[in-house]
Amino acid sequence: MIFGFLGFLGINICFGLVFVWQMNSNTDAVRDEVDFEFLGNRTGQPYTVQTNIYAHGKGNREQRVNLWFDPAADFHTYTILWNHHHIVFYVDDVPIRVYKNNEARGVPYPKLQPMGVFSTLWEADDWATRGGLEKINWSKAPFFSYYKDFDIEGCSVPGPANCASSATNWWEGTAYQALNALEYRRYRWVRINHMIYDYCTDKSRYPVAPPECLAGF
Ligand SMILES: *[C@@H]1O[C@H](CO)[C@@H](O)[C@H](O)[C@H]1NC(C)=O
Ligand SMILES: *[C@@H]1O[C@H](CO)[C@@H](O)[C@H](O)[C@H]1NC(C)=O
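Going by the annotation in an unreviewed UniProt entry, the name recorded for the protein is Xyloglucan endotransglucosylase/hydrolase, with Prunus persica given as the source organism. The UniProt entry for the protein carries the following comment under Sequence similarities (unreviewed entry): "Belongs to the glycosyl hydrolase 16 family."

(A) Inspection of the environment of Asp70 at higher detail. Mapped onto the secondary structure, Asp70 falls in the loop between β5 (63-66) and β6 (78-82). It is 8.2 Å that separates the C-alpha atoms of Asp70 and Gly44, two residues lying 26 residues apart in sequence.

(B) How the structure looks around the state of the cysteines. Evaluation of the coordinates by the stated rule reveals two disulfides. At a sulfur-sulfur separation of 1.9 Å, the disulfide partner of Cys155 is Cys163. On the sign convention where negative is left-handed, the bridge of Cys155 and Cys163, at about -80° about the S-S bond, is left-handed. The residues Cys155 and Cys163 share a single accessibility class, namely buried. Here Cys200 is linked by a disulfide to Cys213, with a sulfur-sulfur distance of 2.0 Å. Every disulfide takes its handedness from the sign of the S-S torsion; for Cys200 and Cys213 that torsion is -75°, giving left-handed. Here Cys200 is found in the segment after β11 (195-198), whereas its partner Cys213 is found in the segment after β11, with 13 residues between them in sequence. In this structure, Cys200 and Cys213 share a single accessibility class: buried. Cysteine pairing for the protein, with bonded cysteines counted in sequence order: 1-2, 3-4.

(C) Main features of the site of ligand 1. In the vicinity of ligand 1, the contacting residues are Leu39, Gly40, Asn41, Gln45, Pro46, Thr48, Asn66, Ala128, Arg130 and Ile196. Here Thr48 contributes a side-chain N or O atom positioned 2.7 Å from a nitrogen atom of ligand 1. Tallied by class, residues from the shell around ligand 1 come to four nonpolar, five polar and one charged.

(D) Molecular detail of the nonpolar core. Ranked by size, the top nonpolar core spans 25 residues in total, and within it Phe36, Ile87 and Phe89 carry the most contacts. For this core, the secondary-structure elements that each account for two or more residues are β3 (33-39), β4 (48-54), β6, β7 (86-91) and β8 (94-100). In this structure, Leu81, Val98, Cys163 and Trp171 belong to the second largest nonpolar core, which totals nine residues.

(E) Layout of a nonpolar patch on the surface. Residues Phe75, Phe144 and Tyr146 make up a contiguous nonpolar surface patch of roughly 280 Å² in combined accessible area. Along the polypeptide, Phe144 turns up in the loop between β9 (116-123) and β10 (151-152). Judged by its relative accessible area of 42%, Phe144 falls in the partly exposed class.

(F) Main features of helix α1 (residues 181-193). With 13 residues, α1 ought to run about 18 Å at 1.5 Å a step, and its terminal C-alpha atoms sit 18 Å apart, in line with that. Buried within α1 we find Glu183, Tyr187, Val190 and Arg191. Taken down its axis, α1 places every buried residue within 95° of arc, on the same side. Across from the buried face of α1, at angles greater than 90 degrees, the exposed residues are Ala181, Arg185 and Ile192. The distance from a side-chain oxygen at the start of α1 to the backbone nitrogen of Leu182 is 3.1 Å, and the residue carrying that oxygen is Asn180.

Cut-offs and rules
- Residues numbered from 1 in each chain as written.
- Chains lettered and ligands numbered in written order.
- Predicted model: local features only at pLDDT ≥ 70, side-chain atom pairs only at ≥ 80, totals over all residues.
- Heavy atoms only, no water.
- UniProt positions renumbered as here; feature names shortened; annotations may be inferred.
- Helix = DSSP H or I, 4+ residues; strand = E, 2+ residues; numbered from the N terminus.
- Disulfide = S-S within 2.5 Å.
- Buried < 20%, exposed > 50% of the residue type's maximum accessible area, 1.4 Å probe, protein only.
- Near = heavy atom within 4 Å.
- Polar contact = N/O pair within 3.5 Å; in protein donor to acceptor, adjacent residues only side chain to side chain.
- Nonpolar A, V, L, I, M, F, W, Y, C, P; charged D, E, K, R; others polar.
- Core = buried A, V, L, I, M, F, W, Y, C linked by side-chain atoms within 4.5 Å.
- Patch = residues over 30% accessible without salt bridge, like charges linked within 9 Å, V, L, I, M, F, W, Y side chains within 5 Å.
- Areas by Shrake-Rupley, 256 points an atom, 1.4 Å probe, with all protein chains shown as cover.
- Salt bridge = Lys/Arg side-chain N within 4 Å of Asp/Glu carboxyl O.
- Expected span 1.5 Å × (residues − 1).
- Arc of directions from axis to C-beta.

Put into structure tokens, the structure is as follows:
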């Protein structure tokens, strides 16, 4: 079962913590999960957004992008588009990550189970903040994240079984099957100027790049 999904979420994050908003299947054995993780930093230093994708129980697909603005200063729109063609992570109108459906190359793609939306705020100053150098200043607690204009569109579960496979859902339409020229230019800009880590090019972890990486971006 798949449900198409567009989330619009404004957030405000506090220093030192990891703020996560994600979709996951809530099943451990064959976990599907799509993550936006905001890693805190020393005040004034860029926040890193780490994204990850678990498909059929396997994750380890981290990418990291340093944001070009202070996400704690104002609301921004963080979106996940999920359809049969690809999963796209957007920050405002900028695609920061595309995970294509590469089932033809034998790469698992999350589409067999529904996902829920979760948001969490947790302590991870042993690794997340400058690799663990920056510690949380607990005297600044409590910490908050703020949301507004949340929107989710997709097939509801339980719902009509044929919704998930319907090609007439708007999020499956031609305009949503691949990035358009403007989105592609923005995506390139992020990759060239803001991407600081990509598991696809981490030779120490993957001497041979995983198959989904060979398709290029
Ligand atoms: C924190 O800031 C430093 C210095 O600008 C940067 O190298 C790093 O990527 C930022 N993010 C994290 C999570 O450390
Ligand atoms: C923690 O925050 C408090 C209150 O803002 C401040 O006085 C203190 O210097 C901070 N501690 C560190 C180690 O930055």
